[in-house]
Amino acid sequence: MNPFTAEETLKLPKHVAIIMDGNGRWAQARGKPRLFGHRNGVENVRSVVNTARELGIPYVTLYAFSQENQSRPVAEKSGLMKLLEEFLKLELKSMMKDGIRLRAIGDLDGLPPFAKKAVEETIEQTRGNKDWNLTLALNYGSRQEVISAVKSIIKSNDIKPEAFKWDDFSQHLQTKDLPDPDLIIRTSGEFRLSNFLLLQAAYAEIFVSPLHWPEFNRGAFIGSLKDYVHRERRFGKTHEQIASVT
Ligand code: IPE
Ligand code: IPE
Ligand code: MG
């Protein structure tokens, strides 16, 4: 059953980006190793992706591994990379069936070769899919992305500084094919962006859930969307200006 009215449905976000936090704490609270939390976190990805597709939200981006996460213990990192490979292999069939195109943002060269290969192969195999868009942020850091963009602009050698605008800059970001996120969800009660889509989030609405990622279920996701559709996004204008158009 669709939990949104027709009016609410029109206001649903086009792009939801999620900082999937709290896997470790969720597991530790159950006396289990952190990797148990990551494994359950992957299960939750399936549920949230299915809900977003069902509701017609065309873009979902998941922060799965930050550049700063490289400083975690080796065993945790390799466990995460194996889970990533396993997820991609298991999901390929349904991604093809459901027309899901996979993209990745982040520095894939910093992943172990087997994980990089699995990501690149899935991106290649799903390139022609047009129905839905899943982006994984892997070894991603927003500041590092900005530095890469600046390098690429300098190399492109055709800049006219006087005419240079945000759109010229954003074309050099890894998110160039994605709309800006409308809603950023962070689980586990932390009120920070942790180097995620800092510039793209300029006008994103932010929702922080106290739930850890493995327990952020369909109902919690729908709750965050309900909250979002009743917000007023003013983009610098006044309430009166916004109210007069709608
Ligand atoms: C999020 O859960 C997953 C990754 C960062 C890879 P955490 O592993 O950060 O879990 P907590 O925050 O330590 O509970
Ligand atoms: C952010 O979570 C990165 C991901 C969810 C992949 P962290 O757990 O790494 O963030 P901090 O260190 O608490 O800011
Ligand atoms: Mg964390």
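Q: Help me out: how do you make sense of the pairing of strand S5 (residues 183–186) in this one?
A: Regular strands have side chains that alternate between both faces of the sheet. Residues Leu183 and Ile185 of S5 are buried on one face, and the alternating residues Ile184 and Arg186, pointing to the opposite face, are buried as well. With four bridges joining them, strand S1 (residues 15–19) and S5 adopt parallel strand pairing. Its bridge partner lying in S5, valine 16 is registered against leucine 183. Direction of pairing for S5 relative to strand S6 (residues 205–208): parallel, over a ladder of four bridges. Bridging across to S6, arginine 186 finds its partner in valine 208.

Q: Is there a simple way to explain the site of ligand 2 in this structure?
A: Around ligand 2, the neighbouring residues are Ile19, Met20, Asp21, Tyr63, Ala64, Phe65, Ser66, Asn69, Arg72, Arg186, Arg192 and Ser194. Within the side chain of aspartate 21, a nitrogen or oxygen atom sits 3.2 Å from an oxygen atom of ligand 2. One nitrogen or oxygen atom from the side chain of arginine 192 is found 2.8 Å from an oxygen atom belonging to ligand 2. For ligand 2, whose free accessible area comes to 390 Å², the fraction covered by protein is 78%. Counting residues per element, the shell around ligand 2 draws most heavily on strand S2 (residues 59–66), which supplies four residues.

Q: Would you mind going over the site of ligand 1 with me for this structure?
A: Taken together, 13 residues surround ligand 1, and among them Met20, Asp21, Arg25, Arg34 and Arg72 come closest. In this structure, glycine 22 approaches ligand 1 through a main-chain N or O atom, which is 3.2 Å from an oxygen atom. Within the complex, 87% of the 370 Å² of free accessible area of ligand 1 lies under protein. Those elements that place two or more of their residues in the shell around ligand 1 are helix H2 (23–28), helix H3 (34–55) and helix H4 (74–97).

Q: Explanation requested: the packing of H3 against helix H8 (residues 218–229) in the structure shown.
A: Pairs of packed helices are described in terms of their axes, by the angle between the two and the distance that separates them. Interaxial distance between H3 and H8 falls to 9 Å at its minimum, and their mutual angle equals 45°. Of the possible angle classes, the one that applies to H3 and H8 is oblique. Handedness of the H3/H8 crossing: right-handed. For the pair H3 and H8, contact is made by Ser47, Val48, Thr51, Ala52, Glu54 and Leu55 and by Arg218, Phe221, Ile222 and Leu225, respectively. Taken together, the residues of the contact of H3 with H8 break down into six nonpolar, two polar and two charged.

Q: Hey, could you run me through the sheet that holds S5 in this one?
A: Pairing in this open sheet of six strands is parallel, and the strands run S3-S4-S2-S1-S5-S6 from one edge to the other. Of all the strands in the sheet, the pair left with one neighbour each is strand S3 (100–105) and S6. Strand-to-strand twist in this sheet, taken as the mean axis angle between neighbours without regard to direction, amounts to 20°. Packing of helix H5 (residues 113–125) onto the sheet brings it into contact with S3 and strand S4 (132–140), and relative to S3 it is tilted by some 140°.

Q: For this particular structure, what's the right way to read the pairing of S4?
A: Within S4, nine of the nine residues are buried, which leaves the element mostly enclosed by the surrounding structure. The pairing of S2 with S4 spans seven bridges and is classified as parallel. Residue pairing across strands places tyrosine 59 opposite asparagine 133, the latter belonging to S4. As paired strands, S3 and S4 are joined by six bridges and run parallel to one another. Looking at S4, one finds that arginine 101 is bridged to asparagine 133.

Cut-offs and rules
Residues numbered from 1 in each chain as written. Chains lettered and ligands numbered in written order. Predicted model: local features only at pLDDT ≥ 70, side-chain atom pairs only at ≥ 80, totals over all residues. Heavy atoms only, no water. Buried < 20%, exposed > 50% of the residue type's maximum accessible area, 1.4 Å probe, protein only. Helix = DSSP H or I, 4+ residues; strand = E, 2+ residues; numbered from the N terminus. Pairing = 2+ DSSP bridges. Near = heavy atom within 4 Å. Polar contact = N/O pair within 3.5 Å; in protein donor to acceptor, adjacent residues only side chain to side chain. Areas by Shrake-Rupley, 256 points an atom, 1.4 Å probe, with all protein chains shown as cover. Axes fitted to C-alpha atoms, helices over the stretch in contact; angles between N-to-C directions. Parallel < 35°, antiparallel > 145°, perpendicular 65-115°, else oblique. Left-handed = near helix turned anticlockwise from the far one by under 90°. Contact = heavy atoms within 4.5 Å. Nonpolar A, V, L, I, M, F, W, Y, C, P; charged D, E, K, R; others polar.

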